[in-house]
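Survey of secondary and tertiary structure
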Amino acid sequence: MNAAESRRRWWPRSVRARTAVTVASTAAAVLLAIGWWLHHDVYRQSAQIAEDQAQAPLLALADQLRQGVTPSPRSAVPYEVVANGRSTPVASGGGMDAFPPGSRHVLPEPPASSTPIDDDDGGFGYASYELRVPERNDAVRSFELGGRTYPVLTTDIWAGELTREQRAALGLSPDAIMRVYVVVLPHTAEAITANIDLLLLRAALAGLLLISAVTYFTVRIALRPVEAIRTATASVTADDPRERVTVPATGHEITALATTINTTLQRLDEAAAQQRRFVADAAHELRSPLTTLLTSLEVALAYPERTDWPAAVDTAARQTRRLQNLAEDLLLLASLDAHTPTVAGSSIDLAALAHRLVEQGVPPDRPVTLTAHTTAPAYVHGSPGDHERLLRNLIDNAARHATSRVRITVRKQLEHVELSVHDDGPGIPAEESERIFERFVRLDEARTRDHGGTGLGLPIARELAHRQRGSLVLVPSDLGACFHLRIPRATPGRPDAGTLRRDRPDGATTADRSAPDGPARRQADNHCTRSAHPADPGVDHRDNGPHTDQN
């Protein structure tokens, strides 16, 4: 078992529990830091109080010695009085007298001095410092002070201040210096600190439990809308994708989450409806040629002697080609919808491609004349097959609805190449300018299928334009319909910025995929508002003549 699996086993899975544990851990760390600070501060203040309280015994001992009185060994604080020139203590008590009579003093004696001690405090001065009490092995009873360092208060007394009788009572020489030591024990400070630590520990544990419980239930209440959203989302099925989650009126993050989920469900519902319409339309389009093909074959088989077999085979071939074209269109749309990565090809001259398609002409059943008008080579990046299919779809659509003539114009701009396909047919109403790019959409005049249209040519053309980072729109025209294509311009022989890109990239890399009233439409109005018949001066006009004008 690795570390990650072990951590997953003990780490709670619930968001409520995880949040409570995290908050409790953070609070514990904060409380630990506060407790550490309080522990040391309480100990310091308690030790200071004990030191202040030791001043009174120190001064009382000094007063007794100045009167020539030996202090009693029974004392609440440990003390020892030592003098230079003698090895035994003058007096000791409070635990410092745990040695047999005649034993050497424990604490160091003061330095010798033959002059009076300066005492500006009038006998109330003292010194405070830390001193290590040495260990002794000659104690007659327990000596627990040895081997540790304690704060001590000291004050010095010059024997010259005393009378002869007082010095004799204390056993001092006339020039001796007595030093009174009072040891400040840490027991009181330690006891107070220990009690405070215990109280803090109990309060911290209770506080952590309270914080964890409050956090757990607060998060639980806060996540109730999320659970409701989860339940509502789980009830959404493919059969009924219209279910929506309730948006709370609180205005916080849960509201934004619910709104986003509803928006996503709406898009999924629309996508599912679009897919169902697409499947129904595709089935309808496939059923028509299949029905015609099956009917003609069944009639031919039922009455072989009366069947016009060339006509029957021609009908079957025509419907089979229609099925083939429809299948190819559906496969291409599936590829475009999948946004599969495409490898950018070399530079393509869109003007030369337009002339080549014009020279190929249109089927004999469409008596229209194709003309191409170009000023100079117009290079764009992309796949030759995509550009040819795009332009071929536009030409086929225009030839299907033109009265007699279709004009293709290619213009090279500063950063783009613009191509327009203009026919002299009945035109398209302005309110239908976007609906014609929907799949399987035919306007009322074009709903008959005798011309072979499937309603996929223009949608495929626009998707291919988007794949090339361009735009395709229907622009206003005085006569007929005018489709305007705008694609980023390429320098001949120069590779594209990226050799691999995704279809229809989002963001700034998709040029002019704006609304149909964007710059592409406005710029195209200049050469789409004229009639399809007149020729522009100074432009290369190539009429396919006998190749396309077939009546």
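Rules of the game
Residues numbered from 1 in each chain as written. Predicted model: local features only at pLDDT ≥ 70, side-chain atom pairs only at ≥ 80, totals over all residues. Heavy atoms only, no water. Helix = DSSP H or I, 4+ residues; strand = E, 2+ residues; numbered from the N terminus. Buried < 20%, exposed > 50% of the residue type's maximum accessible area, 1.4 Å probe, protein only. Contact = heavy atoms within 4.5 Å. Pairing = 2+ DSSP bridges. Core = buried A, V, L, I, M, F, W, Y, C linked by side-chain atoms within 4.5 Å. Polar contact = N/O pair within 3.5 Å; in protein donor to acceptor, adjacent residues only side chain to side chain. Axes fitted to C-alpha atoms, helices over the stretch in contact; angles between N-to-C directions. Patch = residues over 30% accessible without salt bridge, like charges linked within 9 Å, V, L, I, M, F, W, Y side chains within 5 Å. Areas by Shrake-Rupley, 256 points an atom, 1.4 Å probe, with all protein chains shown as cover. Salt bridge = Lys/Arg side-chain N within 4 Å of Asp/Glu carboxyl O. Parallel < 35°, antiparallel > 145°, perpendicular 65-115°, else oblique. Left-handed = near helix turned anticlockwise from the far one by under 90°. Nonpolar A, V, L, I, M, F, W, Y, C, P; charged D, E, K, R; others polar. pLDDT = per-residue confidence, 0-100. Phe/Tyr/Trp six-rings, centres within 6.5 Å; stacked < 30°, edge-to-face > 60°.

What to know about the environment of Leu-357
Along the chain, Leu-357 turns up in helix α9 (residues 350–360). The buried category is assigned to Leu-357, whose relative accessible area is 0%. In this structure, Leu-357 is in contact with Leu-370, Glu-388, Leu-391, Arg-392 and Ile-395, ignoring residues within four places of it in sequence.

A closer look at the pairing of strand β13 (residues 482–488)
Where burial is concerned, most of β13 is hidden: seven out of the seven residues are buried. Along β13, one buried face is formed by Cys-482, His-484, Arg-486 and Pro-488 and the opposite face, lined by Phe-483, Leu-485 and Ile-487, is buried too. In this sheet, β13 lies alongside strand β11 (residues 416–423) in antiparallel orientation, the contact comprising seven bridges. Residue pairing across strands places His-422 opposite Cys-482, the latter belonging to β13. The turn linking strand β12 (residues 471–475) back onto β13 is made up of six residues, and Gly-480 within it adopts a positive phi angle of 70°.

Concerning the nonpolar core
Counting 48 residues, the largest nonpolar core has Leu-391, Leu-394, Leu-419, Val-421, Leu-472 and Phe-483 as the members making the most contacts within it. For Leu-394, the contacting residues outside a window of four places in its chain are Val-421, Leu-458, Ala-461, Leu-472 and Phe-483. If you look at the next biggest cluster of nonpolar residues, it comprises 23 residues, including Ala-83, Ile-157, Met-178 and Val-180.

Some details on the side chain of His-416
Examined against the element boundaries, His-416 turns out to sit in strand β11. On the accessibility criterion, His-416 (12% relative accessible area) is buried. Within polar-contact distance, the side chain of His-416 engages the side chain of Arg-486 at 3.4 Å.

Section: the sheet that holds strand β3 (residues 127–133)
The five strands lie next to each other as β2-β1-β5-β4-β3, forming an open sheet whose pairing is antiparallel. Sheet topology places β2 (91–93) and β3 at the edges, where each strand pairs with a single neighbour. Taking each pair of neighbouring strands and ignoring which way they run, the sheet shows an average axis angle of 30°. One ladder, built from three bridges, connects strand β1 (residues 79–83) with β2; its direction is antiparallel. For Tyr-79, the partnering residue across the bridge sits in β2 and is Gly-93.

So, a nonpolar patch on the surface
A surface patch of nonpolar side chains, about 230 Å² in accessible area, is lined by Val-30, Leu-31 and Ile-34. Along the chain, Leu-31 falls in helix α2 (residues 15–53). Residue classification places Leu-31 among the partly exposed positions, given a relative accessible area of 33%.

Considerations on the packing of α9 against helix α10 (residues 384–401)
Direction vectors running N to C along α9 and α10 enclose 50°, while the axes themselves pass 11 Å from each other. By the angle between their axes, α9 is oblique relative to α10. In terms of crossing hand, the pair formed by α9 and α10 is right-handed. Contacts between α9 and α10 involve Leu-350, Leu-353, Ala-354, Arg-356, Leu-357 and Gln-360 on the former and, on the latter, His-387, Glu-388, Leu-391, Arg-392 and Ile-395. In the contact of α9 with α10, the residues fall into six nonpolar, two polar and three charged.

Side note on the confidence of the model for the protein
The pLDDT averaged across the protein works out to 79; a share of 81% of its residues lies at or above 70. This stretch, residues 495–524, has a pLDDT under 50; its non-local contacts, to residues over four places away or in other chains, come to 64 contacts. Confidence drops under a pLDDT of 50 for residues 530–551, and excluding neighbours within four residues, the segment shows 64 contacts in the predicted structure.

With respect to unusual backbone geometry
The phi dihedral of Arg-469 is positive, around 60°, even though this residue is not glycine. Of note, Arg-469 is situated in the loop between α11 (457–467) and β12.

A look at the packing of aromatic side chains
With the rule as written, the count across this model stands at three aromatic pairs. Ring geometry for Phe-437 versus Phe-483: centroids 6.1 Å apart, planes at 90°, classification edge-to-face. Of this pair, Phe-437 sits in the loop between β11 and α11 while Phe-483 sits in strand β13, and the two are 46 residues apart along the sequence. A relative accessible area of 1% places Phe-483 in the buried class.

Some points on the pairing of β11
Burial analysis of β11 places eight of its eight residues in the buried class, the great majority of the element. Relative to β11, strand β10 (residues 405–412) runs antiparallel, the two sharing seven bridges. Each bridged residue has a counterpart across the sheet, and for Ile-408 the counterpart in β11 is Val-421. The antiparallel hairpin formed by β10 and β11 contains three residues in its connecting segment.

Structural notes on the packing of helix α7 (residues 253–302) against helix α8 (residues 309–337)
For the pair α7 and α8, interaxial distance at closest approach is 9 Å and the crossing angle is 165°. Regarding the angle of α7 to α8, the classification is roughly antiparallel. Pair α7 / α8 crosses with left-handed handedness. Between α7 and α8, the contacting residues are Phe-278, Ala-282, Glu-285, Leu-286, Pro-289, Leu-290, Thr-292, Leu-293, Ser-296 and Ala-300 on the first element and Trp-309, Thr-315, Ala-316, Gln-319, Thr-320, Arg-322, Leu-323, Leu-326, Leu-330 and Leu-333 on the second. Classifying every residue of the contact of α7 with α8 gives 13 nonpolar, five polar and two charged.

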